[in-house]
Every structure is written in structure tokens, then in C-alpha cells.
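# Observations on chain architecture
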Amino acid sequence: MNHDQAFWLPYTANRAFWKAPRVITGARGHYYTTDDGRQLLDGFSGLWTSGLGHCHPRIVAAVQAQVGTLDYGMGFQVSNDRAIALAAEVATMAPAGLERVFFTNSGSESADTALKIALAYHRARGEGQRTRLIGRERGYHGVNFGGMSVGGIPGNRKVFSAALLPGVDHIRHTYSPADMAYSRGQPVWGAQLAEDLERLVALHDASNIAALIVEPVSGSTGILVPPIGYLQRLREICDKYGILLIFDEVITAFGRVGAPFAAARFGVTPDIITTAKGLTNGVIPMGAVIVREQVYQALMQGPEHAVELFHGYTYSGHPVAAAAGLATFEVYREEDSFARARALEPVFEEAIHALKGEPHVVDIRNFGLMGGIELAPRAGAPGERGFEVFLKCFEAGVVIRNGGDILQFSPFLDSTPDELGRIFDTVRTALRSVA
């Protein structure tokens, strides 16, 4: 075996990759450097992760200082000053009432942690029969078994279907091309889709349902934006039946939709928020689950020396990751990043919708600095056209993402209009060159 090819890449066509590897060796600001010395404009800000740009000097300095001060500290029955400080920052930024922060290492772990907290909460309140979890079709909540179970992307589920969690159901997704195609921002049609939760309440009885988990804006499935009034209606139904509402904000938090959290942008406060990615600007892996005070307090029972929640990770609240997070929050404030992202939103919207009418384009969707261009699939080869456009853009010096035949965009919070123009001009050229 050639051990230069030992790496098994995640979410990658590995055989195709190793025929023509695309290898990045450096990054600075809005650009990557490849192993052959080319500069690539990053049109996806890492993987929804690096909204402040790559190798931001403030964050780099904080990590360098921390790793020489406290590289790791035991996290069970002991903590570290950086994790405590970052939790306070997160709680301060979170919507009112969400005041407790449990650290994880990824969005996948955040999703599973939130689900476990929801189950533990109902049990602590004497409603241990509330075990059913509700997700949404086309939802993405990471790749651990809990997140996959409530997730609704078929490709993530089919190989593992026999081992997914029991007691899980899904409301329908929010996308109707006949009613929503080429919507700018939130679609006007579709608030009534939230009523599908009532169908599951009638089927399972509310007394058995623990939580509903949704992405405020569905990202990985191709940028599905909630219709006006939809999230508000989900909140009302959950309140009516005592169901916890979980927002998966791994993508949408920290400026991606021009606000600290999508909950703030949409004016809907859930009971639990999951985060990761922008928490540390992608510099060190870290996630967090932010919980309503009443949920936390419900678990604070029994002898004070006893563990209240039997859950956690070796690296929960890792001091170097927390240092990266603290520096990231400082930069968000000093550079007014969320307001800058909100101001850039109409420029991004005009740039992406300018591709309407280009070859193979069947829909364009956007919200905040999240955008998707859906392509008609090739007969008998779904995903092939989108992958080819991705490759052509990469060759032309621009990095985008394709999720099958949906091209996805996630520019930096401080991108310039010229950079956005270059990204979409490159996509336009690629679209015109593929069959």
C-alpha cells in the first residue's frame, strides 16, 4: 500500500480525490494556499466555521499563549479558568433565559448532548415517559447516532438505519419549489407547515414527546429558509404541550445570519441551543449547548456531592479551545462583525440571485450570509453536475461547496463586494461550461 494515501477523508469521494488530490497547506485572511503554491479565494469560510477569516492574529496569539500556560486540565470535578470565562461570555450573548453552558467538541456532540439533556430534564420532573424525540425531514444534526436519528437526510441514514435510535419521528421539511422558488430571504408561503407537529402530537400523544430539534435555517441540506411565522408557530405548539424546543445553531450562530444567534434574528427563543463552528472561528474544535435556567435547575437534585448528569467528554471545556473562543468573542465585538455581516446581506443576495437563468439553475435560496443554488441533476447521475461545478471553481481559484447538486455559499462576515463578485462570476463561468 502507498501510505501517502492512508488518510480516509470525511464526506469525500476518496477514490476521485486520490486521483487528483486537492491539498491545502496554508491560509491567511480570505485565502487558502495549495501545495502547488496557488491562492484560492475561500467562498465557504472554512466549513461554515471561519467567519472572521483564517489565522486571525488575535486568535492565533491567544492559542499560542494558552498552550504554553495550560495545555490541558482535567475536566471532571475540576475545571479551568478559560472554560469558566468563555461560558460566561456565551451566556451573556445568548437569548435571555438561556444561562447555562455545557461544552462539547463538535456540533455532532452538541446535538447528542442536547437530546440527552432533554430526556434527563423530563425524567427529573417526574415525566420520564417523555422519551420520544422529533426531528425534521432534511434536517442535519451531525453524524453521531442521536443526531443521525433525529436528522432527516437519507444519505446520512440509510447505511445505519438498523441502529438508529427508536422512538424518533420527523415533521415534514419546509421546502416547496412550486411555492418558494427563487425566494429572497424568508418565503411568504409555508407557515402552516409547522402544523405537522400537531399531527405527531396526535399520533404519539404529547405526554410521550420530550423535544423537537430543528435548524432555524437548514444548512447542509441546501439552505432551506423558514417561512415567515413558521418558527413562531413551532414555539407556540411546543409551549402548548410542554415539549422542549431545541435550535441547532451550529451553522447559524455567531453572525452567519447577521446576529449572535438565529433565535435573536427570528425573535423566537428555544429552550436549548446547540453551537460549534463559529464559537472558536474554527481554530480549535469546540461546541457548546446553551440551556434555559429552568432546565438546568430541574436537574440540580439529590445530594450535593452526587453527579447530576452522567454525561461529558474528556475535552469538554478544553483550555486551549476556550482561549480561542474568548479571543474570537473579542474580535466579534471589536470588529462589529455581526452588524457588518447584516450590512453585507443585501449585497450577497443580489450577487447570488444574479445567477437566475444560468444553465442548469432551477432555484436560488438565501438568508443572512447563507446561500444555495440548486441545479437540475443529470439523468441517472445525481450529484455529478454539482461536483463538476465544484471542481471547475476550485481549478479557477475559488472554493465553494456542493451538497449533491446544490451549490452552497458561506462567505466571510467581512467579505467585500468584489470578493462576492468574483465568487459568483467564477460559478457563472463554470455553469456555462458543464453539460
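Per an unreviewed UniProt entry, the recorded name for the chain is Aspartate aminotransferase family protein, and the organism is Parazoarcus communis SWub3 = DSM 12120. Comment text from UniProt for the chain, heading Sequence similarities (unreviewed entry), reads "Belongs to the class-III pyridoxal-phosphate-dependent aminotransferase family." Here the chain is described in UniProt, under the heading Cofactor (unreviewed entry), as follows: "pyridoxal 5'-phosphate".

## Let's talk about the pattern of salt bridges
Scanning the entire structure with this criterion turns up 27 salt bridges. Of the charged contacts, one joins Arg82 and Asp81 as a salt bridge, the two residues approaching to 3.5 Å between their closest N and O atoms. Taking the relative accessible area as the measure of exposure, Arg82 reaches 27% and is therefore partly exposed. Using a relative accessible area of 46% as the deciding quantity, one classes Asp81 as partly exposed. We note a salt bridge from Arg235 to Asp239, for which the minimum N-O separation is 2.8 Å.

## Details of the sheet that holds strand 3 (residues 39-42)
The strands making up a sheet associate through hydrogen bonds between their backbones, and the pairing can be parallel or antiparallel. Strand order across the open sheet formed by four strands is 1-2-3-13, with mixed pairing between neighbours. Both outer strands of the open sheet, strand 1 (24-28) and strand 13 (398-399), are each paired with one neighbouring strand and no more. As paired elements, strand 1 and strand 2 (residues 31-34) share four bridges and run antiparallel to each other. The residue of strand 2 that forms the bridge with Ala27 is Tyr32.

## A closer look at the side chain of Arg385
One can find Arg385 in helix 15 (residues 384-395). Buried within the structure, Arg385 lacks any salt-bridge partner; its nearest side chain of opposite charge belongs to Asp405, at an N-O separation of 6.1 Å. Those residues in contact with Arg385 that lie beyond four places of it in its chain are His360, Leu375, Ala376, Pro377, Arg378, Asp405, Val434 and Ala435.

## Describing the sheet that holds strand 15 (residues 406-409)
Read from one edge of the open sheet, four strands run 11-12-15-14, paired in antiparallel fashion. The strands lining the two open edges of the sheet, one partner per strand, are strand 11 (361-367) and strand 14 (401-403). Across this sheet, the average inter-strand angle for adjacent strands is 20°, counted without regard to direction. Pairing geometry for strand 12 (residues 370-375) and strand 15, over four bridges, is antiparallel. Within the sheet, the bridge partner assigned to Glu374 lies in strand 15 and is Ile406.

## Things to note about the environment of Arg199
Its location among the elements puts Arg199 in helix 9 (residues 196-204). On the basis of relative accessibility, which here comes to 44%, the residue Arg199 falls in the partly exposed class. When the C-alpha atoms of Arg199 and Ile171 are compared, they prove to be 8.5 Å apart, with 28 residues separating the residues in sequence.

Each value, and the rule that gives it
Residues numbered from 1 in each chain as written. Predicted model: local features only at pLDDT ≥ 70, side-chain atom pairs only at ≥ 80, totals over all residues. Heavy atoms only, no water. UniProt positions renumbered as here; feature names shortened; annotations may be inferred. Salt bridge = Lys/Arg side-chain N within 4 Å of Asp/Glu carboxyl O. Buried < 20%, exposed > 50% of the residue type's maximum accessible area, 1.4 Å probe, protein only. Pairing = 2+ DSSP bridges. Helix = DSSP H or I, 4+ residues; strand = E, 2+ residues; numbered from the N terminus. Lys, Arg positive; Asp, Glu negative; His and termini not counted. Contact = heavy atoms within 4.5 Å. Axes fitted to C-alpha atoms, helices over the stretch in contact; angles between N-to-C directions.

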